[in-house]
Amino acid sequence: MSTIIAFPTMDRGATVRPVILPEVEVEHQPLRLCADWQADIAAECRRQRTLNPGVFHFLKSAGLLDRCTFCASDKPGGPLILRHIGVPTLEKLGRAWGRSMLGHPLDESPHAEFAHSVEAQYGAAISSGELLLNRVEVHGIGAPFAYTHLLVGWEDSRRRAVLSAIDLQQAV
Amino acid sequence: MVVSENSMTLSTPIPSIGMTFAAASARIIELVNEVDSMPGGDEANDRRDELHHEWSGLRDEVFSAEIQTAADVLAVLDILLHPSIGLTAGLPCGEEVRAVQQIRAVVAASLDSLQPANDADAFAATVGLFDDAGPATLSIPQHPNDAMAEAGAAAVGITPEQFRASYAAAIEAFKKGEAA
């Protein structure tokens, strides 16, 4: 059975609730439920250990870059900034959203609650240093949609980066 | 002399032998040590000559190549400090050698201290690669949706599958153009 996790930045000190926000449900899942291509990315990132150009070149040559959203801070301790927005994200949030957000911090997104949830998940992946697989279901931004994303986080001298490898799912 | 921190830890290739300073130095020392460990006597002479020929040839190439990085410096010092073929070959260890040994220790320590900076550079370099790729992914749909595939196929009398293949090829060409 999967568990539903409340991320600490959302509601510090509150008791665990099954739904963090009215719109966004996040379920933490075991990595064995990754799609094959997500598992390939997980294996490569484990092999590379650090964030280095090999990670990018793997994604590019395997044709998987399009499915990935990537964020990194500009300076030590800075906010996560959208650097590459994956096609699944563009399909669901729209190209206009993508154009206005590329190069901007996540928390500037007009979909504030969704952005906060995503940011909390990214933060958890970065600070845990573990690969994470979450199933996310979103209601209230266009038609309901669902996806899993494999999250790989890196931290280096207080600079942070995260890769989200997105597999769209059928919304329930 | 190359001064960028990033490149100082890498040893420079020597084209004439197809090896870096560091690789050539390690090979020379390996060959010399093999000669040193061989038994005396005439029967090993041919092999000894062969090894000598190989390491002395490599050494000539290393000494005539232009040292460019701290890693190259370290590689050359390792040859100069070798007890059989270095500065003190056949001589007792003097003050001069101790000075060179100190130089080697300082160079080695500063190389070690540069390693974390290299990791940080790799981090920034990778972020830069994603930055460069971001606009291309954003600019047009990477995959046609069903309506696009049907309309595109009908317009020229091909199947939607053929249109998808054609579209994918066009997108790849577009991305190559963006990257250039």
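That block above? That's the structure.
Counting restarts for each chain: residues are numbered from 1 in the order of the written sequence. For naming, the first written chain is A and the first written ligand is 1, with later ones following in the order written. With the structure being a predicted model, the display of local features is reserved for residues of pLDDT at least 70 and the display and counting of side-chain atom pairs for 80 or more, all residues being used for whole-chain, interface and lining totals. No hydrogens and no water enter the side-chain calculation; it runs on all heavy atoms of the structure.

Asker: Can you explain the pattern of salt bridges? Please cite residues and give values.
Answerer: The term salt bridge refers to a side-chain nitrogen of Lys or Arg lying within 4 Å of a carboxyl oxygen of Asp or Glu. Using the criterion set out here, one finds 12 salt bridges over all chains in the structure. Here A:Arg83 makes a salt bridge to B:Asp131, at a shortest N to O gap of 2.9 Å. One end of the pair, A:Arg83, is in strand 4 (residues 80–84); the other, B:Asp131, is in helix 5 (residues 95–139), on a second chain. The classification of residues rests on relative accessible area computed with a 1.4 Å probe and restricted to protein chains. Under 20% of the type maximum is buried, over 50% is exposed, and intermediate values are partly exposed. With a relative accessible area of 7%, A:Arg83 lands in the buried category. Notably, a salt bridge pairs B:Arg47 with B:Glu50, separated by 2.9 Å at the nearest N-O pair. Linking B:Arg47 with B:Glu50, this pair stays in helix 3 (residues 45–64), spanning 3 residues, or about one helical turn. Overall, the relative accessible area of 35% leaves B:Arg47 in the partly exposed class. Here a helix means four or more residues in a row that DSSP labels H or I, a strand means two or more in a row labelled E, and each is numbered from the N terminus.

Asker: Provide a residue-level description of helix 2 (residues 53–61) of chain A, including the pertinent values.
Answerer: Each full turn of the α-helix corresponds to 3.6 residues, which orients residues three or four apart in the same direction. Residue and element names in this part refer to chain A. Along helix 2, the residues that are buried comprise Val55, Phe56 and Leu59. In a view along the axis of helix 2, the buried residues occupy a sector of 95 degrees, so they form one face of it. Pairs of N or O atoms within 3.5 Å make up the polar contacts considered here, provided that, within protein, one atom can donate a hydrogen while the other can accept it, and that residues adjacent in sequence are counted only when both atoms are side-chain atoms. Between the side-chain oxygen at the start of helix 2 and the backbone nitrogen of Gly54 there is a gap of 2.7 Å, and the oxygen is on Asn52. At the exit of helix 2 stands Gly63, carrying a positive phi of roughly 70 degrees. The reported arc concerns the directions from the helix axis to the C-beta atoms and nothing else.

Asker: Any chance you could break down the pairing of strand 4 of chain A for me, citing the residues and the numbers?
Answerer: Counting buried positions along strand 4 of chain A yields 5 of 5 residues, so the element is predominantly enclosed. Strand pairing requires that DSSP identify at least two bridges connecting the strands. Hairpin connection between strand 3 (residues 68–73) of chain A and strand 4 of chain A: a loop of 6 residues separates the two successive antiparallel strands, and A:Gly77 in this loop has a positive phi of roughly 80 degrees.

Asker: Tell me what's going on with the interface of chain A and chain B, and back it up with residues and numbers.
Answerer: Opposite the 27 residues of chain A that make contact, chain B presents 21 residues. For the pair chain A and chain B, the summed buried surface comes to about 2100 Å²; carbon and sulfur atoms form 71% of the total. In this assembly, chain A and chain B are joined by 1 salt bridge. Our enumeration of links across chain A and chain B arrives at 4 residue pairs in polar contact (both at pLDDT 80 or more). Sorting the residues of the side of chain A that touches chain B by element identifies helix 2, strand 3, strand 4, helix 3 (87–93), helix 4 (95–101), strand 6 (142–156) and strand 7 (159–169) of chain A as the ones contributing at least two each. Tallying contributions element by element places helix 2 of chain A first for the side of chain A that touches chain B, with 5 residues. Each residue is assigned to one of three groups, with Ala, Val, Leu, Ile, Met, Phe, Trp, Tyr, Cys and Pro labelled nonpolar, Asp, Glu, Lys and Arg labelled charged, and all others, Gly among them, labelled polar. Considered class by class, the residues forming the side of chain A that touches chain B number 14 nonpolar, 4 polar and 9 charged. A contact between two residues is defined here by any heavy atoms of the two lying within 4.5 Å. Here the quantity called buried area is the total loss of accessible area, with a 1.4 Å probe, experienced by two parts when brought into contact, counted for both.

Asker: Could you give an account of the environment of B:Thr126, with specific residues and numbers?
Answerer: Assignment of secondary structure puts B:Thr126 in helix 5. Within the structure, B:Thr126 has its side chain in polar contact with the backbone oxygen of A:Asn52 (distance 3.3 Å).

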